[in-house]
Amino acid sequence: MPNVRPSRAKKRTVTFAALGLAPVLLAGGLVAGGTGLFSSTGDSAGGVVLAADSPIVLDGHGHGHGRGLGQWGAYGYAKQGWSADQILRHYYGNTVAGKVGTPDVTVSLSEKSSASVHAAAGMRVGAEQVAPGQAVSLSGTTATITQGCGGALVKTVQATQVDPIDPGTNRPDNELLTFCAGGDKYRGSIGLGPGGVVNKLHVDDYVKGVIPKESMPSWADSGGFEALKAQAVAARSYVVAGLASGRKMDNTQQSQMYHGASGEDPRTNRAADATAGQVRLLNGKPALTEFSASTGGYTAGGIFPAVRDAGDSIAPAHSWTATVSASSIGSAFGVGALKSFEVIEANGLGEGSGRALKVRVVGTGGTVEATGDQARTKLQLKSDWFAVKGQKSMPKTVKPQVGPDSPGGSLLDLSPLNSLLGQLVPGLPIVGLPDVAGLIGQVTPMVEQLLTEGIKALAAKQVALDRSDNSQGSTGTVAAPQLLTDGKGMPGLVQVLQNGVLYFSPATGAHALVGQALTDFLNAGGLAKLGFPTADALR
């Protein structure tokens, strides 16, 4: 560490140790000027070159897009004793528990071409009460009441929706609207919308028709009930957030699988009831809580930080191998006869190089670069976490934001940072990091912004000192800024000058201490006791 030797003050040696703290250890170190922070590079040259008729073997992990909750991982964690809340906090980092504000949802029933329904207890159409045994067919803005399905005409009314006899939630079977064709039963109302037949119902009733189609009810019998509860919250939050953002929600994998009351299971209904009204909130609004079958051992990141998924080890698709012919790859990407196929960017998380972010495909008809997810779709792979067997080059590593390995159980108390997070990285709470690796992954976005803003503020302060009537002599730099925390755990930057020290924290801004003021500050305990200075002292 450099020494400080003020030109017009009593000479003394001031090191960073003398300032009361050691620099914070961070992956990649601190680079003066704010460049090269936490960077990771890889060599993308020298891909696998194969003959046109050679098969290519891909080693992969997981099933699905890998964003948010991994269903098999949630099951694995539940079997380890995790609660639904722990599971949700783990996969949906930056979110908090909340309650639904708008309980009714409308879902398109994509496979239904017409709406003709009946209910044993009767129904309502507009102001009309439909007697038990009667049916209603909708066409345009007209509702036709008949004696049974396809029976004699009773009456026509102007309406586009059929309602149950009781609009409450969790109604008995005889009140559910039942389609004349096929006998499918649905809670809530059946109507016609711009895109066809829709089901309007309370979100808690809707979730009952989702969980058994997106998860496995049998998990409740083998220690996985908390996973089903987590799935219920995720399904509820997803549909509410999707509709709020203007998405059209249907009953397919494009949204969430949903088969109404006919697809319900008593075990998953218990999970829905146990979490009634619960959602995850991101920045005060319901979060679009995506989920997939298996993450392969690490989630993909995105809206939510990427996290290690130890629970996924029990997933059938945790690891897989696919053999794809060169001709199939060349045809899928439109490059003619394939010359080479390689992963040139990956996220560096988990086994191998992690998820493929970008691939390069070279053929006789040209070269194409595509995302890993595009490759997954074109080659019909289980996920975008794959590596080309035999590839000699290392993909460039581009890591997403990474969260802790588990929700809670910290070895390091970072609670003093929480008051700053809204200023630095909105929506990024830091609580309960289990180890240094988790610490680095979770705080890196905050640190990057702190460094960027802090280095600029220190440079501006140094310029201001040079222009001021400073009697303490040169303010030339002796050392690059160092990232430190004060005695209260607040992070900031400290830069040693020829005649003093510059201090910066997000809470106080940049300030200079020189001469006797610096001596007094250090003698009084420095950063460890007084914290970051709140004003300049140039004497």
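Note on numbering: residues in each chain are counted from 1, in written sequence order. Owing to the predicted nature of the model, reporting of local features is limited to residues with pLDDT of at least 70; listing and counting of side-chain atom pairs is limited to 80 or more, with chain, interface and lining totals taken over all residues. Working from all heavy atoms in the structure, the side-chain values ignore hydrogens and water.

Side note on the packing of aromatic side chains
Stacked, tilted and edge-to-face are the three classes assigned to paired rings of Phe, Tyr and Trp, where Trp is represented by its six-membered ring and a pair needs centres within 6.5 Å; plane angles under 30 degrees give stacked, over 60 edge-to-face, the rest tilted. Applying the stated criterion across every chain, the model contains eleven aromatic pairs. Here a set of aromatic residues connected by ring pairs shows up, and it is made of Phe179, Tyr186, Tyr206 and Tyr258. Here, a charge over a ring is recorded when the distance from Lys NZ or Arg CZ to the ring centre is within 6 Å and its angle to the ring normal is within 35 degrees. Sitting over the face of the ring of phenylalanine 225, arginine 270 holds its NZ or CZ atom 4.6 Å from the ring centroid. Across from the ring centre of phenylalanine 333, 5.8 Å away, lies the NZ or CZ of lysine 378, which sits over that ring.

Some details on the state of the cysteines
Joining two cysteines, a disulfide is a covalent bond between their sulfur atoms. Criterion for a disulfide: a pair of cysteine sulfur atoms within 2.5 Å. Applying the stated criterion across every chain, the model contains one disulfide. Each disulfide pairs two cysteine sulfurs, and for cysteine 149 the partner residue is cysteine 180, the sulfurs being separated by 2.0 Å. Judged by the sign of its S-S torsion, about -75°, the cystine formed by cysteine 149 and cysteine 180 is left-handed. Of this pair, cysteine 149 sits in the loop between β9 (142-147) and β10 (153-158) while cysteine 180 sits in the loop between β12 (177-179) and β13 (185-186), and the two are 31 residues apart along the sequence. Any residue under 20% of the maximum accessible area for its type is buried, any over 50% is exposed, and the rest in between are partly exposed; the area is computed with a 1.4 Å probe on protein chains only. The partly exposed category is assigned to cysteine 149, whose relative accessible area is 43%. On the basis of relative accessible area, cysteine 180 is assigned to the partly exposed category, the value being 28%. Going along the chain from the N terminus, every DSSP run of H or I of four or more residues is numbered as a helix, and every run of E of two or more is numbered as a strand.

Here we look at the pattern of salt bridges
Here, a salt bridge means any Lys or Arg side-chain nitrogen found within 4 Å of an Asp or Glu carboxyl oxygen. Counting across every chain of the model gives 22 salt bridges. The salt bridge partner of aspartate 85 is arginine 89, with a shortest N-O separation of 2.9 Å. A residue pair is termed a helical-turn pair when its members lie 3 or 4 positions apart in one helix, as aspartate 85 and arginine 89 do in helix α2 (residues 84-91) at four residues. Using a relative accessible area of 36% as the deciding quantity, one classes aspartate 85 as partly exposed. Across the pair arginine 267 and aspartate 221 runs a salt bridge, and its minimum N-O distance is 2.5 Å.

Structural notes on the layout of surface pockets
Where empty space is left in the structure can be found by rolling a water-sized probe over the atoms. Think of a 1 Å grid over just the protein atoms. A cavity is a set of points where a 1.4 Å probe fits yet cannot get out, a pocket is an open set with protein on both sides within 12 Å along at least five of seven lines, and lining residues have an atom within 4 Å of a point. Grid points are joined across faces, edges and corners, and a volume is the space filled by probe spheres set on the points. Approximately 770 Å³ is the volume attributed to the largest pocket. Glu214, Gln253, Phe291, Ser292 and Ala293 are the residues nearest the centre of the largest pocket, which is lined by 26 residues in total. Contributing elements (two or more residues each) for the lining of the largest pocket: α1 (71-79), β18 (291-292) and α7 (372-378). Gly is put with the polar residues, along with every residue not named as nonpolar or charged; the nonpolar set is Ala, Val, Leu, Ile, Met, Phe, Trp, Tyr, Cys and Pro, and the charged set is Asp, Glu, Lys and Arg. Counted by class, the lining of the largest pocket contains nine nonpolar, eleven polar and six charged residues.

A few points about unusual backbone geometry
Located in the positive-phi region is asparagine 170, a residue other than glycine, with phi close to 55°. Position of asparagine 170 relative to the elements: it lies in the loop between β11 (161-164) and β12. Backbone geometry at glutamine 380 places phi at a positive 55°, although glycine is not the residue there. Mapping glutamine 380 onto the fold places it in the loop between α7 and β23 (386-388). Judged by its relative accessible area of 75%, glutamine 380 is exposed.

Overview of the nonpolar core
Across soluble globular proteins, nonpolar side chains show a tendency to be buried alongside one another. By size, the foremost hydrophobic cluster in this structure holds 64 residues, and its most contacted members are Ile87, Val136, Ile190 and Tyr206. Per-element accounting of this core gives the leading share, twelve residues, to helix α4 (residues 225-244). What valine 136 contacts, discounting residues up to four positions off in sequence, is Ala115, Ser116, Val117, Met123, Val125, Val130, Ala143, Thr144, Ile145 and Val162. Here, the term nonpolar core denotes a set of buried Ala, Val, Leu, Ile, Met, Phe, Trp, Tyr and Cys residues that are joined through side-chain atoms within 4.5 Å. Only heavy atoms matter for contacts: two residues are in contact if any of them lie within 4.5 Å across the pair.

Considerations on the sheet that holds strand β14 (residues 189-193)
Pairing between strands is defined by DSSP: at least two bridges between them are needed. Across the sheet, which stays open at both edges, the six strands sit in the order β4-β15-β14-β11-β6-β7 with antiparallel pairing between neighbours. Edge positions in the sheet fall to β4 (104-108) and β7 (128-130), since each has one partner strand and no second. Strand-to-strand twist of the sheet, defined as the mean angle between neighbouring strand axes without regard to direction, takes the value 30°. Here three bridges tie strand β6 (residues 123-125) to β7, and the two strands are oriented antiparallel to one another. Bridge pairing in β7 links valine 125 to glutamate 128. In the packing of helix α3 (residues 203-214) onto the sheet, contacts are made with β4 and β15 (196-202), and the angle to β15 comes to roughly 115°. Convention adopted: a line fitted to C-alpha atoms gives each axis, helices being fitted over their contacting stretch, and angles between N-to-C directions are expressed from 0 to 180 degrees.

What to know about the packing of α2 against α4
Interaxial distance between α2 and α4 falls to 8 Å at its minimum, and their mutual angle equals 55°. Compared by their axis directions, α2 and α4 come out oblique. Read as a crossing pair, α2 and α4 show a hand that is right-handed. Taking contact as the criterion, the partners of Ala84, Ile87 and Leu88 in α2 are, on α4, Glu226, Ala227, Lys229, Ala230, Val233 and Ala234. Oblique is the label for every angle not falling under 35 degrees (roughly parallel), over 145 degrees (roughly antiparallel), or within 65 to 115 degrees (roughly perpendicular). A clockwise turn of the near helix away from the far one marks a right-handed crossing, whereas an anticlockwise turn of less than a right angle marks a left-handed crossing.

Comments concerning the confidence of the model for the chain
On a range of 0 to 100, pLDDT expresses the predictor's confidence in each residue. Mean pLDDT over the chain works out to 82, with 80% of the residues at or above the 70 mark. Low confidence marks residues 1-46, where pLDDT is under 50. Its contacts with residues over four positions away, or in another chain, come to 104 contacts. Throughout residues 408-443 the model reports pLDDT below 50, and contacts reaching past four residues in sequence, or to other chains, amount to 72 contacts.

What about the packing of α1 against α2?
It is the contact of α1 with α2, at a shortest axis distance of 10 Å, that shows an interaxial angle of 135°. Between α1 and α2, the angle is such that the two are oblique. For the crossing formed where α1 meets α2, the hand is right-handed. Residues Gly73, Ala74, Tyr77 and Ala78 of α1 form the contact with α2, whose participating residues are Ile87, His90 and Tyr91. Here the contact of α1 with α2 is composed, by residue class, of five nonpolar, two polar and no charged.

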